[in-house]
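Summary of the model geometry
Chain residues, written in single-letter form:
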Amino acid sequence: MRLSDATYEQIKQAVADMFVDYDIKGVPLCSFEVAIKIGLTVIPYSALDSSTWLEAVGYSEDGYSLETNEGEWIIYYNDDDKDYSRINQTIMHEIGHYILGHIEEGEIEEAEAKFFAKYALASPPLIHNMKKEQTTENVMEAFDIGYMAACYALQYYRKWMKYGEREYVSYEIQILEQLEIEVA
């Protein structure tokens, strides 16, 4: 689903603000650490009893989040036969729901959280400032993301290079400075 340009810009700024507000530093990002800094609870499916586990897997193969009646935000993730990069992406996606203030579940909210995770884990300015050549394998390694995530990140990076601003915009500078990335 394609979001409006204004929505993409708002999400990019939300990512930059999250990095600053919660003092997130360095790459690759560990979504577990980000969640802890924000104050979110993260629970693996393996910690659930068998009936709750079945419900969780039935609801989402990868993970989901919810706000309890007490106002606590909990992220549940499937740790059964999933590699770290997939789990990390899932948790960042759920953090996106939290940061973006999603209350409803729908196609738009899912598209926003998906973009949030992609942008937080491997945004074009981060890829642009890699020490190595921008290949799928190097992006996977530098940002600890899976193959498909690296392909999408590189595709987005190439569009950014072709159609983007020639100078970094304010949220891109904010991200690079906060993550302590030396600008190439």
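Residues numbered from 1 in each chain as written. Predicted model: local features only at pLDDT ≥ 70, side-chain atom pairs only at ≥ 80, totals over all residues. Heavy atoms only, no water.

**Description of the overall build of the chain**
What counts, and what does not: Numbering goes from the N terminus for both helices and strands, where a helix is a DSSP run of H or I of at least four residues and a strand is a run of E of at least two. Based on C-alpha atoms, the radius of gyration is set beside the globule rule, defined as 2.2 Å times the residue count to the power 0.38. Here the term buried applies to any residue with accessible area under 20% of the maximum for its type, exposed to any over 50%, and partly exposed to those in between, with areas from a 1.4 Å probe on protein chains only. Contacts were defined at the residue level, with two residues in contact if any of their heavy atoms lie within 4.5 Å. Neither His nor the chain termini are counted; the positive set is Lys and Arg, and the negative set is Asp and Glu. To locate a charge, the coordinates of NZ of Lys, CZ of Arg, CG of Asp or CD of Glu are taken.
A count of helical and extended segments in the chain gives 9 helices and 3 strands. At 16 Å, the chain has a C-alpha radius of gyration in line with the 16 Å of a compact globule built from 184 residues. Its C-alpha atoms give the chain principal-axis dimensions of about 55 × 30 × 30 Å. Burial analysis of the chain (184 residues in total) assigns 45% to the buried set. The long-range fraction of contacts in the chain, counting pairs at least 24 apart against all pairs at least 6 apart in sequence, stands at 62%. Side-chain charges in the chain split into 14 positive and 34 negative, and the spacing between the mean points of these groups amounts to 12 Å.

**With respect to the environment of Asp-21**
Its location among the elements puts Asp-21 in helix H1 (residues 5-21). Each C-alpha atom, one on Asp-21 and one on Ala-113, is 19 Å from the other, the two residues being 92 residues apart in sequence.

**A short note on a nonpolar patch on the surface**
Short version of the rule: Without a salt bridge and with relative accessible area above 30%, a residue can belong to a patch; like charges are then joined within 9 Å and nonpolar side chains (Val, Leu, Ile, Met, Phe, Trp, Tyr) within 5 Å. For the area figures, the Shrake-Rupley method with a 1.4 Å probe applies, and any residue is considered shielded solely by the protein chains shown. The salt bridge criterion pairs a side-chain nitrogen of Lys or Arg with a carboxyl oxygen of Asp or Glu, the two atoms within 4 Å.
Nonpolar side chains collect at one region of the surface, where Tyr-147, Met-148 and Tyr-152 lie side by side and expose about 350 Å² of accessible area between them. Its place among the elements puts Tyr-152 in helix H8 (residues 147-163). Given the relative accessible area of 44%, Tyr-152 is considered partly exposed.

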